[in-house]
Structures are given as C-alpha cells and as structure tokens.
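Understanding the architecture of this molecule
This is what each chain is made of:
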Amino acid sequence: MKVNVCIGSACHLRGSYSVINALQELVKDNKLEDQVEICAVFCLGHCTQAVSVQIDGGEIESVSPDNVYEFFDMHILQRLNA
Ligand code: FES
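Structure report, in brief. (Residues numbered from 1 in each chain as written. Predicted model: local features only at pLDDT ≥ 70, side-chain atom pairs only at ≥ 80, totals over all residues. Heavy atoms only, no water.)

**Considerations on the environment of Q49**
Mapped onto the secondary structure, Q49 falls in the loop between β2 (37–41) and β3 (52–55). In this structure Q49 comes out as partly exposed when scored by relative accessible area, which is 31%. Note: C-alpha distance between Q49 and D73 (24 residues apart in sequence) is 20 Å. Here Q49 is in contact with I60, S62 and V63, once residues within four sequence places are set aside. (Helix = DSSP H or I, 4+ residues; strand = E, 2+ residues; numbered from the N terminus. Buried < 20%, exposed > 50% of the residue type's maximum accessible area, 1.4 Å probe, protein only. Contact = heavy atoms within 4.5 Å.)

Spelled out as structure tokens, the structure:
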C-alpha cells in the first residue's frame with residue numbers, strides 16, 4: 001500500500017510533517033513497514049482540504065494532526081485487514 005501525503009504549501013501549513021511523522025510511527029508500531037509505504041508528494045490539487053492524503057491513487061482524504069490516528073485505523077488498518 002502506498003500512502004501519499006501532500007507537502008505542498010497549503011498542506012505544509014496545516015501540518016503535513018506532523019501527519020507524515022505520526023503515520024511513520026504508526027506503521028512502525030504496527031510492524032507494517034513491508035506493507036505500507038509513506039511518501040511525501042507535492043500538491044495533489046485539493047489544497048482546501050489540507051492535509052491531503054491519497055492511498056494507492058484512490059480518493060483524496062483530508063487528514064490533520066488531530067485525526068491522523070483515526071485515519072490510520074479507518075483507512076489503513078481496515079484496508080489491510082479487508
Ligand atoms: S498543497 Fe496539498 S493539495 Fe495542494
């Protein structure tokens with residue numbers, strides 16, 4: 001699974017680095033390093049929904065440093081377990 005996190009300016013201002021760090025920690029804590037790749041990408045074109053995160057080229061989700069844990073459970077763990 002490839003998780004793209006936007007580090008364009010709008011997303012950067014809304015905390016993309018905290019989101020990336022949190023996701024990387026969660027991947028490590030759940031020992032998913034060989035299944036989930038977190039990548040920093042440039043503007044995904046959804047700046048008003050910053051921080052934009054896209055999984056495997058799918059829909060763009062709006063993630064914040066506050067809801068990143070929920071996002072990980074709902075969109076990453078559940079998808080891997082599906
Ligand atoms: S800056 Fe992140 S979607 Fe545009």
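After presenting the structure, the write-up continues.
**Comments concerning the packing of helix α2 (residues 16–29) against helix α3 (residues 68–81)**
For the pair α2 and α3, the least separation of the axes is 10 Å and the interaxial angle reads 55°. With respect to each other, α2 and α3 are oriented oblique. In the packing of α2 onto α3, the handedness of the crossing is right-handed. The segment α2 lies against α3, with V19, A22, L23, L26 and V27 engaging V68, Y69, F71, F72 and I76. When grouped by side-chain class, the residues that make up the contact of α2 with α3 number ten nonpolar, no polar and no charged. (Axes fitted to C-alpha atoms, helices over the stretch in contact; angles between N-to-C directions. Parallel < 35°, antiparallel > 145°, perpendicular 65-115°, else oblique. Left-handed = near helix turned anticlockwise from the far one by under 90°. Nonpolar A, V, L, I, M, F, W, Y, C, P; charged D, E, K, R; others polar.)

**Considerations on α3**
With 14 residues, α3 ought to run about 20 Å at 1.5 Å a step, and its terminal C-alpha atoms sit 18 Å apart, in line with that. Those residues of α3 lying buried are V68, F71, F72, H75 and I76. Down the axis of α3, the buried set is contained in an arc of 115°. They therefore lie on one face. Structural note: α3 exposes E70, Q78 and N81 on the side pointing more than 90 degrees away from its buried face. Buried-residue contacts for α3 involve β1 (2–6), α2, β3 and β4 (60–62). (Expected span 1.5 Å × (residues − 1). Arc of directions from axis to C-beta.)

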